[in-house]
Amino acid sequence: MPSQPPSLRGGPQRKAWTSPNRLKPTPRKRGRAGQRDRAQVIAEEPLCRECLKHGRPTATAIVDHIKPLAWGGSDERSNKQGLCVPCHDAKSKAEREIDRQNR
Ligand SMILES: [Zn+2]
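No experiment lies behind these values; they were computed from the predicted model shown.

### A word on the coordination of the zinc ion
Each angle at a metal carrying four tetrahedral donors should ideally be 109.5 degrees, and each at a metal carrying six octahedral donors should ideally be 90 or 180 degrees.
Okay, step 1: For the zinc ion, the full set of protein donor atoms is Cys48 (SG), Cys51 (SG), Cys84 (SG) and Cys87 (SG), at a range of 2.2 to 2.3 Å.
Okay, step 2: Site description for the zinc ion: donor spacing in sequence, C-x2-C-x32-C-x2-C. Note that cysteine 48 is positioned in the loop between α1 (31-44) and α2 (49-53) and cysteine 84 in the loop between β2 (80-83) and α3 (85-102), a separation of 36 residues in sequence.
Okay, step 3: With relative accessibility at 0%, the residue cysteine 48 sits in the buried group.

Below is the structure:
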């Protein structure tokens, strides 16, 4: 006679908890998840990354994808940076220019 019913075999098994912020799928997050990510990047990079390179401390206004999603960039934190509006505009303009040339 079996010591325990087969349905309970193995006992309780739990998967290790993984934060929903890790290993997220590639598509851009929208709604609340996207807003939370933006807030996190701004909290971590309160100053525009590009301006800091030039010694100008300027407040971050926009969370930018370093490699644009349209170019296959990921929506991961490592592909995001804080930029001010002028730096983001300049980068977007340069990206549009590259897009145009590659068309
Ligand atoms: Zn800037």
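### Notes on α1
Okay, step 1: Taking 1.5 Å per residue as the helical rise, α1 with its 14 residues ought to reach 20 Å, and the 20 Å between its terminal C-alpha atoms agrees with that figure.
Okay, step 2: Structurally, α1 contributes buried residues whose contacts are with β1 (62-65) and β2.

### Section: the confidence of the model for the protein
Okay, step 1: The predicted model of the protein has a mean per-residue pLDDT of 84, with 75% of residues at 70 or higher.
Okay, step 2: When the criterion is pLDDT under 50, residues 21-25 qualifies, and its contacts beyond four places in sequence or with other chains add up to seven contacts.

### Focus on the pattern of salt bridges
Okay, step 1: One pass over the structure, following the stated rule, counts 10 salt bridges.
Okay, step 2: Note that arginine 49 and glutamate 45 form a salt bridge whose closest N and O atoms lie 2.7 Å from each other.
Okay, step 3: Residue classification places arginine 49 among the partly exposed residues on the basis of a relative accessible area of 30%.
Okay, step 4: Judged by relative accessible area, which is 12%, glutamate 45 ranks as buried.
Okay, step 5: For glutamate 95, the salt bridge goes to lysine 91, with nearest N and O atoms at 2.5 Å. Taken together, the residues span about one helical turn, with glutamate 95 and lysine 91 both in helix α3 at a distance of four residues.
Okay, step 6: Bridged by salt links that share partners, the residues Lys29, Asp37, Asp75 and Lys80 form one connected network.

Calculation notes
- Residues numbered from 1 in each chain as written.
- Predicted model: local features only at pLDDT ≥ 70, side-chain atom pairs only at ≥ 80, totals over all residues.
- Heavy atoms only, no water.
- Donors = N, O, S within 2.8 Å, 3.2 Å for Na, K, Ca; no water.
- Helix = DSSP H or I, 4+ residues; strand = E, 2+ residues; numbered from the N terminus.
- Buried < 20%, exposed > 50% of the residue type's maximum accessible area, 1.4 Å probe, protein only.
- Expected span 1.5 Å × (residues − 1).
- Contact = heavy atoms within 4.5 Å.
- pLDDT = per-residue confidence, 0-100.
- Salt bridge = Lys/Arg side-chain N within 4 Å of Asp/Glu carboxyl O.

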